[in-house]
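# Report on the structure
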Amino acid sequence: MTRTIRQYAWFFAFVAPALLVFLIFIVIPMLGGMSYSFTNWNGLARSYKFVGFVNYIEAFKDKEFIRSLMFSFKYVFLMVVLQNGIALLLALLIESRKRAKGLFRTIFFMPNLISMIIGAFMWTFIFTKLLPELAEQAAFSFLDQAWTSDPKVSFYSILIVSLWQGVGYMMIIYIAGLQGVPQDIKEAARIDGANGWQMLRSVTLPMIMHTVTICLFLTLNSAFNSFDVIFGLTGGGPARKTEVVSLNIFQEAFNYNYRFGYANAKAMILFLIILVITIVQVRVMKRREIEA
């Protein structure tokens, strides 16, 4: 056995377990869902009929599905902007400190260690019990809101909880990117008289553009696939006003009509939307990396 063949053999030996898990839990279920999306399967019957693109056509005529899709786009846009903006700001502030960096990293990262379902129940208690009591005792009337039952307010409660849980993770990635910026370049910019904003715009951001690409990719995908925070906080209510696409798919498959074929068609539509947006985002950001 030559050295090259031995190296490839070791490579596949280490990759094989992860690849096997990926095939079993990701690829095979995805292919199964794709095939079921063209049927009228109800999730239980052994027999089902092939219906072609009927499920897909019905999905685009489904007003609740379209509404959940529009709500998802709104949620994703704000999450991508706010989560990355806040995470980058926190990363810059923490890295600018000389002491207690590790403490602040831990504090802001800790919510990411909590299950989002548990976090949603915690925040439900805060929104429904703690804030109204605080508003009554401390005369902060603006806190006395129907945080989870008013469609106009519940969206912001979802954003608050999602940001609380996700900002810390993105912050850690941005901190890693900031630590990779060469100090000599920063010193040269300071000697040339660059102020803080000029340093950020002309030195720091171009040097961490690859990190921005990764964070945008992760935020985009996690926001589109968001389910647990909304399920635990509002359940898609009131009157399905805060229902994202993933929750709409879940309800279609398990709560309303047990139409697994139809639900899989919706899931494939969501997958294609995420795929197209992700490809565009990565290509645009990669171009920005080259320009930077």
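Scroll up for the structure.
Cut-off values and rules
- Residue numbering note: each chain is counted from 1, following its sequence as written.
- Given that the model is predicted, a residue must reach a pLDDT of at least 70 before its local features are reported, and side-chain atom pairs must reach 80 or more before they are shown or counted; all residues, however, enter totals for whole chains, interfaces and linings.
- Only hydrogens and water are set aside; all other atoms, that is, all heavy atoms of the structure, feed into the side-chain values.
- Numbering of helices and strands starts at the N terminus; helices are DSSP runs of H or I of at least 4 residues and strands are runs of E of at least 2.
- Exposed residues in this analysis have more than 50% of their type's maximum accessible area, buried residues have under 20%, and partly exposed residues fall in between, with area computed by a 1.4 Å probe over protein chains only.
- Contact definition: two residues touch when any of their heavy atoms are within 4.5 Å.
- The method behind every accessible area is Shrake-Rupley, applied with a 1.4 Å probe, and residues are considered shielded solely by the protein chains displayed.
- In summary, the charge assignment counts Lys and Arg as positive and Asp and Glu as negative, without counting His or the chain termini.
- Taken as the charge location is NZ of Lys, CZ of Arg, CG of Asp or CD of Glu.
- What counts as a ring pair is set by centres within 6.5 Å for rings of Phe, Tyr and Trp (its six-membered ring), and what kind of pair is set by the plane angle: stacked under 30 degrees, edge-to-face over 60, tilted for all other angles.
- Charges are assigned to positions over rings by a cutoff of 6 Å between ring centre and Lys NZ or Arg CZ, combined with an angular limit of 35 degrees from the ring normal.

### Focus on the overall build of the protein
On a plain count of helices and strands, the protein comes out with 12 helices and zero strands. Starting at the N terminus and ending at the C terminus, the protein contains elements arranged as α-α-α-α-α-α-α-α-α-α-α-α. Projected onto its principal axes, the C-alpha positions of the protein cover 80 × 75 × 30 Å. For the protein, the residues scored as buried account for 38% of the 292 residues in total. For the protein, contacts bridging at least 24 residues in sequence account for 70% of all contacts bridging at least 6. Counting only carbon and sulfur atoms, one obtains 68% of the accessible surface of the protein, whose full area is about 17400 Å². Charged side chains in the protein number 26 positive and 16 negative. The centres of these two groups are separated by 7 Å.

### As for the environment of Gly 237
Mapped onto the elements, Gly 237 comes out in the loop between helix H10 (228–233) and helix H11 (245–256). The spacing of Gly 237 and Thr 148 is 89 residues in sequence and 8.0 Å in space, taken between C-alpha atoms. Aside from chain neighbours lying at most four places away, what touches Gly 237 is Ser 154 and Thr 242.

### A few points about the packing of aromatic side chains
Overall, the coordinates contain 22 aromatic pairs when judged by the stated rule. On the basis of an interplanar angle of 85° and a centroid distance of 5.3 Å, the ring pair of Phe 38 and Phe 53 is categorised as edge-to-face. Linking Phe 38 in the loop between helix H1 (3–36) and helix H2 (54–61) with Phe 53 in the loop between H1 and H2, this pair joins segments that are 15 residues apart in sequence. Note on Trp 123 and Phe 127: the rings are 5.4 Å apart at their centroids and 40° apart in plane angle, and the pair reads as tilted. On the criterion of helical spacing, the pair formed by Trp 123 and Phe 127 is a turn pair, its members being four residues apart in helix H5 (residues 116–138). By the burial criterion, Trp 123 is buried, and Phe 127 matches it. In this structure an aromatic cluster arises from ring pairing among Tyr 36, Trp 41, Tyr 48, Phe 227, Phe 231, Phe 250, Phe 254 and Phe 260. Its guanidinium or amino end placed over the ring of Phe 155, Lys 74 lies 4.3 Å from that ring's centre, counting from NZ or CZ.

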